[in-house]
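A structural walkthrough
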Amino acid sequence: MLPVVDKPAIQYVVEEAVGAGLDDVLLITGRSKQSIENHFDRAYELEEALHAKEDWGKLEKVRQSSELSTMHYVRQGDPKGLGHAVLCAAQHVGHEPFAVLLGDDLIDPGDPLLKRMIEVREQFGGSVIALMEVDPDEVSLYGCAAIEATDADDVALITGLVEKPLKEEAPSNWAVIGRYVCDPDVFEVLRETPPGRGGEIQLTDALMTLAAKGEVRGVLFRGRRYDTGNKQEYLRTMVEFASKRDDLAPEFIPWLRTFLQQFPEQ
Ligand code: G1P
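Residues numbered from 1 in each chain as written. Predicted model: local features only at pLDDT ≥ 70, side-chain atom pairs only at ≥ 80, totals over all residues. Heavy atoms only, no water.

**Here we look at the state of the cysteines**
Note on terminology: disulfide describes a covalent bond linking the sulfur atoms of two cysteines. A full pass over the atoms with the stated rule returns zero disulfides. As a non-bridged cysteine, Cys88 has Cys182 as the owner of its nearest cysteine sulfur, 14 Å distant. On the basis of relative accessibility, which here comes to 22%, the residue Cys88 falls in the partly exposed class. A relative accessible area of 0% places Cys182 in the buried class. (Disulfide = S-S within 2.5 Å. Buried < 20%, exposed > 50% of the residue type's maximum accessible area, 1.4 Å probe, protein only.)

**A look at helix H1 (residues 9-19)**
Burial analysis of H1 places eight of its eleven residues in the buried class, the great majority of the element. Buried within H1 are the following residues: Ala9, Ile10, Gln11, Tyr12, Val13, Val14, Glu16 and Ala17. At the C-terminal side of H1, Gly21 shows a positive phi close to 95 degrees. (Helix = DSSP H or I, 4+ residues; strand = E, 2+ residues; numbered from the N terminus.)

**Considering helix H9 (residues 203-211)**
All buried positions along H9 are accounted for by Leu203, Thr204, Ala206, Leu207, Leu210 and Ala211. For H9, the buried positions fall inside an angular range of 160 degrees around the axis, keeping them on one side. (Arc of directions from axis to C-beta.)

**Notes on a nonpolar patch on the surface**
Residues Trp255, Phe259, Leu260 and Phe263 make up a contiguous nonpolar surface patch of about 420 Å² in total accessible area. Note on placement: Trp255 falls in helix H11 (residues 249-260). Its relative accessible area of 47% is what places Trp255 among the partly exposed residues. (Patch = residues over 30% accessible without salt bridge, like charges linked within 9 Å, V, L, I, M, F, W, Y side chains within 5 Å. Areas by Shrake-Rupley, 256 points an atom, 1.4 Å probe, with all protein chains shown as cover. Salt bridge = Lys/Arg side-chain N within 4 Å of Asp/Glu carboxyl O.)

**Structural notes on the site of the ligand**
The local shell around the ligand holds 13 residues, among which Asp105, Gly143, Glu163, Lys164 and Val176 are the closest. A distance of 2.6 Å is found between an oxygen atom of the ligand and a side-chain nitrogen or oxygen belonging to Lys164. In this structure, Arg225 approaches the ligand through a side-chain N or O atom, which is 3.4 Å from an oxygen atom. Protein chains shield 74% of the accessible area of the ligand, which is 380 Å² for the free molecule. It is strand S10 (residues 174-182) that provides the largest number of residues to the shell around the ligand, a total of three residues. Among the residues making up the shell around the ligand, the classes are represented as five nonpolar, four polar and four charged. (Near = heavy atom within 4 Å. Polar contact = N/O pair within 3.5 Å; in protein donor to acceptor, adjacent residues only side chain to side chain. Nonpolar A, V, L, I, M, F, W, Y, C, P; charged D, E, K, R; others polar.)

**Points about the nonpolar core**
Counting residues in hydrophobic clusters, the biggest one holds 29 residues, and the most contacted among them are Phe98, Ile129, Leu131, Ile158, Tyr180, Val186 and Leu207. Elements supplying a minimum of two residues to this core: helix H6 (90-93), strand S5 (98-101), strand S7 (127-133), strand S9 (155-163), S10, helix H8 (185-192), H9 and strand S11 (216-220). Take this core: its biggest share by element is five residues, from H9. Not counting residues up to four positions away in its chain, the partners in contact with Phe98 are Val86, Val93, Tyr180, Val181, Cys182, Asp183, Pro184, Val186 and Phe187. (Core = buried A, V, L, I, M, F, W, Y, C linked by side-chain atoms within 4.5 Å. Contact = heavy atoms within 4.5 Å.)

**As for unusual backbone geometry**
As a rule of thumb, non-glycine residues mostly have phi less than zero, and peptide bonds are mostly trans rather than cis. Here Val5, not a glycine, exhibits a phi torsion of approximately 60 degrees, which is positive. On the secondary structure map, Val5 appears in the loop between strand S1 (3-4) and strand S2 (7-8). Look at Val5 and you get partly exposed, because its relative accessible area is 28%. Of note, Lys164 is a non-glycine position whose phi angle comes to about 45 degrees, a positive value. Mapped onto the elements of the fold, Lys164 is located in the loop between S9 and S10.

**A word on the pairing of strand S8 (residues 143-149)**
The two faces of the sheet receive side chains in turn, since in a regular strand these alternate between them. Where S8 lies against S9, seven bridges are found, and the strand directions are antiparallel. Residue Ala145 lies in a different strand from S9, and its bridge partner there is Leu161. (Pairing = 2+ DSSP bridges.)

**Observations concerning the packing of H8 against H9**
Relative orientation and spacing of two packed helices are given, respectively, by the angle between their axes and the distance between those axes. Between H8 and H9, the least distance of the axes is 9 Å, while the angle of their chain directions is 115 degrees. When the axes of H8 and H9 are compared, the pair comes out roughly perpendicular. Here H8 runs over H9; the crossing is right-handed. In this structure, H8 uses Asp185, Val186, Val189 and Leu190 to contact H9, whose residues at the interface are Leu203, Ala206, Leu207, Thr209 and Leu210. The class makeup of the residues in the contact of H8 with H9 is seven nonpolar, one polar and one charged. (Axes fitted to C-alpha atoms, helices over the stretch in contact; angles between N-to-C directions. Parallel < 35°, antiparallel > 145°, perpendicular 65-115°, else oblique. Left-handed = near helix turned anticlockwise from the far one by under 90°.)

Written out as structure tokens, the structure reads:
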């Protein structure tokens, strides 16, 4: 629920899913996360108050979040890892392919990454992960992939996957970022996947099992990803998003320029 300019980060993620043509959104939440459900629900009292004040701009904003998509919620009772969170969706999803979007990771709203991943799934079947090159010193923060080139320069075949490897043991510096398009087979595999890194059931490990059968491809993402779970990145996200907004940038950018003059480079 951390705001990025004037919306919680999770709303950008839901908007991204809807923008890629997905019209059924299931949020896996945990204890004391009711504020998320409330955010995507109608807020009658607030709407009435804004109506009475004839504040149409704010009224539209408030309604936007409740009109985005059909929202469903499942609670992950015990936080046993990302793979376990995905398993909580099995009954809702059934035997359809589905996308997983991690709430901390924002993708530049103008970037068609998820659409491209869905296209790749439609073309080849199997599952599709999003990969991004990171500094070799940072691979231990991510799932990391061994890849083989394909005819398309933004698509690779995944031949190996390791969750948060040591720098020396990483198969490459292609990191898994928080977007996945999964074949429903992943549920069967997850049920059999033992706890891995950090004692948690890892989606990366289940996908490795499918990759060993040649069923996982990666879309090589060269755009901008924002990790709102990291303080420095969160600050950058806020500044970058505000700087791209037509309603805010004309005032914000000149202010930022003046503000930064207090901090000349050493
Ligand atoms: C999760 C995944 C990891 C991936 C990362 C991307 O890790 O397990 O493979 O690289 O998201 O943000 P987390 O950051 O939740 O520990």
